[in-house]
Each structure stands twice: as structure tokens, then as C-alpha cells.
Amino acid sequence: MRHFLTLTDYTKEEILEILDLAKKIKLETKNRVFKDYMPKQTLGMIFEKSSTRTRVSFETGIYQLGGIGLFLSSNDIQLGRGEPMSDTSRVISRMVDMVMIRTFEQSKLEEFAKYSKVPVINGLTNEFHPVQLMADYMTIQEAGLDKDLIVAYIGDGNNMAHSWLNMAAKLGFELRIATPKGYEVDNEILENALNEAKNSGAKIVISNDPKEAVKGSTVVTTDTWVSMGQEDEKEKRVKDFDGYIVNDTMMNLAHKKAIFLHCLPAYRGYEVSQEVIEGPQSLIFQEAENRLHAQKGVMVWLDKQRDK
Ligand code: CP
Ligand code: NVA
């Protein structure tokens with residue numbers, strides 16, 4: 001049995017295999033063909049943070065595969081009143097067939113997975129957002145930009161930056177991350193990525209210079225400056241991220257065929273301008289839709305591993 005907790009647990013071949021499966025299922029879905037890949041299976045979906053995309057895509061996704069999603073907000077289940085993660089896991093995983101969790105520390109997700117009888121999927125933690133990266137890379141493939149790929153990530157050294165690091169390190173593309181001073185990526189995650197990059201041929205460049213990072217890149221991406229749980233830091237962060245907005249001036253430095261990606265929700269006028277997010281280079285809604293298909297690929301793939 002396998003879990004989907006971070007991309008570091010996966011080989012390049014496995015990531016590409018899941019994406020091929022996702023694209024096959026996407027095509028079927030587009031043709032209104034819904035195959036029962038996971039008949040009668042229940043996906044438990046535990047949320048300790050808000051969500052639009054993750055909730056809707058997982059719930060719709062499992063239904064389209066022949067199963068059903070169970071939305072479990074921590075406000076409503078005993079987890080929110082202090083029941084231990086280990087007990088929650090041992091109970092829920094005896095009743096459902098797969099679990100998706102959105103939580104705070106990655107260690108909480110790992111704790112759940114440790115005690116779970118069924119595969120567990122990371123639906124975002126403070127440290128990582130791997131299912132988002134599956135959708136993002138799928139969008140890059142669909143745009144035909146996966147060859148000679150140069151990704152510029154501008155902004156906070158957060159869960160999205162970390163998952164970009166993991167994906168680049170595995171697949172072997174060039175990733176430039178520009179953050180303000182004090183908002184750099186986690187050192188240990190970076191060291192691991194740099195080690196992995198030696199095998200894959202990835203080029204990873206870390207700086208505090210967004211313009212330099214964007215120059216000639218084929219994908220420009222960013223994320224909110226204020227992640228869930230950091231609401232109290234908003235005022236300081238907005239000041240510290242001055243100069244990091246992805247606007248037309250920034251996009252003009254990128255390759256002319258460059259696309260713009262954002263995991264959403266986006267805050268216009270902060271990390272991205274209205275012109276860029278609504279402009280012709282922006283593929284944000286295709287990217288959001290791909291959450292549905294990429295995650296169906298992940299769920300079906302994990303389900304198949306169980307039979308092996
Ligand atoms: N991108 C993403 O995970 O969105 P939600 O927070 O709406 O799920
Ligand atoms: N970095 C953001 C991503 C939201 C999808 C957060 O963790 O809130």
C-alpha cells in the first residue's frame with residue numbers, strides 16, 4: 001500500500017505514470033465517459049483548513065470514479081475537540097477506502113498515515129501541496145512546455161515553493177525561486193532537492209531577485225503572500241513583499257510563449273496584477289480544472305497499488 005504525502009516519496013517514472021493516467025481519465029471525462037474505476041469506494045476528506053478547489057475536486061472526482069466522498073470538517077468531527085490523530089486514523093480508516101487530509105504540520109499527516117489501514121493523500125499541509133503540483137505539471141504538459149522547461153516561482157518560500165522544489169528535483173527541470181529576504185524556502189527541503197537534482201539534472205536557483213528569476217522563463221508562477229494560518233502577519237508581509245508582484249513588467253521579461261500559473265485563491269494587486277491573471281498567458285482555470293483530473297489519476301493509481 002502506498003500513500004501520497006510528498007512528491008519526494010515518488011520516482012520520476014511514477015509521477016509521469018500517474019499523469020498519463022490522469023490525462024487518459026480527463027479525456028474520458030471530456031467525452032462524458034465515466035468508468036467505475038473505484039466502485040462503491042468511500043474517500044474520507046478531512047479538512048482542518050478552508051478549501052474550494054481541493055474539496056470540490058476530490059468530492060467530484062471520487063464520485064466520477066464510482067465512489068463517494070465524505071466531507072469531514074475538523075469543526076464537526078471529534079478531532080477538532082482534541083481526539084488524537086492516531087485514534088481518528090484508526091477509526092476512520094476502518095470505515096473508508098481512502099483518505100485525503102488538509103492539515104497544518106506535515107507531521108500530523110504523517111501521524112495519520114502511520115496508523116491508517118488505507119492510502120492517505122496530502123490535500124495541503126504547511127510544508128507541501130503535492131496534488132496541486134500534479135495539476136500544475138499536467139497543465140504545463142498540455143501547454144507543450146514540458147521540454148526545456150524553466151519555471152520562475154516568485155514570492156513566499158511556502159508549501160507551494162517546496163512542492164515546486166520537489167517536482168523540479170524529481171523531473172529534472174530548471175526552477176528559479178525568488179523570495180524576499182526572510183521568506184526563503186526551508187533549508188532541509190532545499191538540501192534534499194539539491195541532492196536529488198544531482199541525479200535528475202535539475203537546475204535549482206535560489207535568489208532574492210524576482211526580475212532575474214523571471215528572465216527567459218517559460219512558466220511564471222506565484223502564490224499568496226499570506227497562507228492559511230498566517231492571517232495575523234498580513235500587514236508586515238504585504239510590506240516585506242513589495243516588488244514581488246507578478247505584473248506585465250515582470251511577464252515581459254519571461255519567454256514570449258511563457259504561461260502564468262497560480263494555485264488559487266489569488267489576491268489581485270498583491271502577488272499578481274489584474275492584467276496578468278486575466279491576461280492571455282494565464283492558464284489558471286485550466287490549472288484549477290486539472291486538480292479534478294490529476295487527483296483522479298492519483299486515487300486510481302493508489303487503489304491499483306493495493307492489489308499488487
Ligand atoms: N489551490 C487550492 O488548494 O485551493 P483550495 O484552498 O481552494 O482547495
Ligand atoms: N500557500 C497557500 C496555498 C493555498 C492553496 C496556503 O497554504 O494557504
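The structure presented is a predicted model; accordingly, all values stated were derived computationally and were not measured.

Trainee: How do you make sense of the site of ligand 2 when you look at a structure like this?
Mentor: As a matter of local geometry, ligand 2 sits amid Leu 124, Asn 158, Asn 159, Met 160, Asp 223, Thr 224, Ser 227, Met 228 and Cys 263. For the shell around ligand 2, the per-class residue count stands at four nonpolar, four polar and one charged.

Trainee: Explain helix 5 (residues 130-142) to me, please; I cannot follow it from the model alone.
Mentor: Because an α-helix completes one turn every 3.6 residues, residues spaced three or four positions apart along the sequence face the same direction. With 13 residues, helix 5 extends 19 Å between its outermost C-alpha atoms, agreeing within 8% with the 18 Å of an ideal straight helix rising 1.5 Å per residue. Across the 13 residues that make up helix 5, a large majority, eleven, are buried. Every buried residue of helix 5 is accounted for by Pro 130, Val 131, Gln 132, Leu 133, Met 134, Ala 135, Asp 136, Tyr 137, Met 138, Thr 139 and Ile 140. Looking at the packing, one finds that the buried side of helix 5 touches helix 1 (12-30), strand 4 (120-122), helix 6 (159-171), strand 8 (219-222), strand 9 (259-262) and helix 12 (284-306). Gly 144 sits one or two residues past helix 5 and shows a positive phi near 70°.

Trainee: Mind showing me how you'd approach the sheet that holds strand 6 (residues 174-178) here?
Mentor: Pairing between the strands of a sheet comes from backbone hydrogen bonds, and it takes one of two forms, parallel or antiparallel. In spatial order, the strands read 7-6-5-8-9; together these five strands make up an open sheet with parallel pairing. The open sheet terminates on both sides in strands that have one partner only, identified here as strand 7 (203-207) and strand 9. Here the strands of the sheet are splayed against their neighbours by 20° on average, with no regard to which way each runs. As paired strands, strand 8 and strand 9 are joined by four bridges and run parallel to one another. Paired with Thr 222 across the strands is His 262, a residue of strand 9.

Trainee: For this particular structure, what's the right way to read the sheet that holds strand 2 (residues 68-73)?
Mentor: A sheet is described by the order of its strands in space; here four strands give the open sequence 2-1-3-4, paired in parallel fashion. Whereas interior strands pair on both sides, the edge strands pair on one side only; in this sheet they are strand 2 and strand 4. The sheet shows a mean angle of 20° between the axes of neighbouring strands, taken without regard to direction. Judged from the six bridges that link them, strand 1 (residues 42-47) and strand 2 form a sheet pairing that is parallel. Bridging across to strand 2, Ile 46 finds its partner in Leu 72. Packing against the sheet, helix 2 (residues 53-64) makes contact with strand 1, strand 2 and strand 3 (98-102), and its axis sits at approximately 150° to strand 2.

Trainee: It is not clear to me how the site of ligand 1 should be interpreted in this structure. Could you clarify?
Mentor: Neighbouring ligand 1 are the residues Ser 51, Thr 52, Arg 53, Thr 54, Leu 124, Gln 132, Cys 263 and Leu 264. The residue inventory of the shell around ligand 1, partitioned by class, reads three nonpolar, four polar and one charged.

Trainee: What is the right way to look at the nonpolar core in this model?
Mentor: Note on soluble globular proteins: their nonpolar side chains tend to be buried together. Met 134, Trp 164, Ala 168, Val 220 and Val 298 are the most contacted members of the largest nonpolar core, which totals 90 residues. With eight residues, the top contributor of residues to this core is helix 6. Mapped onto the domain boundaries, this core takes at least three residues apiece from domain 1 (7-128 + 291-306) and domain 2 (144-282).

Trainee: How should I be thinking about the UniProt feature "domain: Aspartate/ornithine carbamoyltransferase Asp/Orn-binding" (unreviewed entry) in the protein chain in this particular structure?
Mentor: Summarizing the sequence annotation, UniProt attributes the feature "domain: Aspartate/ornithine carbamoyltransferase Asp/Orn-binding" (unreviewed entry) to residues 148-302 in the numbering used throughout. End C-alpha atoms of residues 148-302 are separated by 30 Å, and the span's content is 43% helix alongside 15% strand.

Trainee: In this structure, what is going on with the environment of Leu 133? I would like to understand it.
Mentor: For Leu 133, the location among the structural elements is in helix 5. Remark: the alpha-carbon pair of Leu 133 and Ile 277, spanning 144 residues in sequence, is separated by 19 Å. Filtering out sequence-adjacent residues up to four positions away, Leu 133 remains in contact with Leu 7, Ser 163, Trp 164 and Met 167.

Trainee: It is not clear to me how the domain arrangement of the protein chain should be interpreted in this structure. Could you clarify?
Mentor: In many reports, interface size means the accessible area that the parts give up when they come together. For the protein chain, the assigned domains read domain 1 (7-128 + 291-306) and domain 2 (144-282). Taken over C-alpha atoms, the centre of domain 1 sits 26 Å from the centre of domain 2. Taken together, the contacts link 14 residues of domain 1 with twelve residues of domain 2. Of the residues in the side of domain 1 that touches domain 2, the class split is six nonpolar, four polar and four charged.

Reading guide: rules and limits
The residue numbers shown here count from 1 along each chain, following its written sequence. Following the order in which they are written, the chains are lettered starting with A and the ligands numbered starting with 1. At least 70 in pLDDT is required for a residue's local features to be given in this predicted model, at least 80 for side-chain atom pairs to be given and counted, and no such filter applies to totals for whole chains, interfaces and linings, which use all residues. Using a C-beta atom placed from the backbone, a residue is described as near a molecule or strand when that atom lies within 6 Å of it. Here the term charged refers only to Asp, Glu, Lys and Arg, the term nonpolar to Ala, Val, Leu, Ile, Met, Phe, Trp, Tyr, Cys and Pro, and the term polar to all other amino acids, Gly among them. Helix and strand assignments follow DSSP, with helices taken as H or I runs no shorter than four residues and strands as E runs no shorter than two, numbered in order from the N terminus. Helix span, expected: 1.5 Å multiplied by one less than the number of residues in the helix. To assign burial, the other C-beta atoms lying within 10 Å of each residue's own C-beta are counted, with C-beta atoms placed from the backbone; 20 or more indicates buried, 12 or fewer indicates exposed, and intermediate counts indicate partly exposed. A pair of residues counts as a contact when their C-beta atoms, built from backbone coordinates, are separated by no more than 7 Å. Between any two strands, at least two bridges found by DSSP are needed for them to pair. Only the stretch in contact is used when fitting a helix axis, every axis being a line fitted to C-alpha atoms; angles between N-to-C directions are given from 0 to 180 degrees. Residues enter a nonpolar core if they are buried, belong to Ala, Val, Leu, Ile, Met, Phe, Trp, Tyr or Cys, and are joined to the set through C-beta atoms within 7 Å. Start and end points for every domain follow an automatic or database-based domain assignment. UniProt positions are given in the numbering used here, feature names are shortened, and annotations may be inferred rather than shown by experiment.

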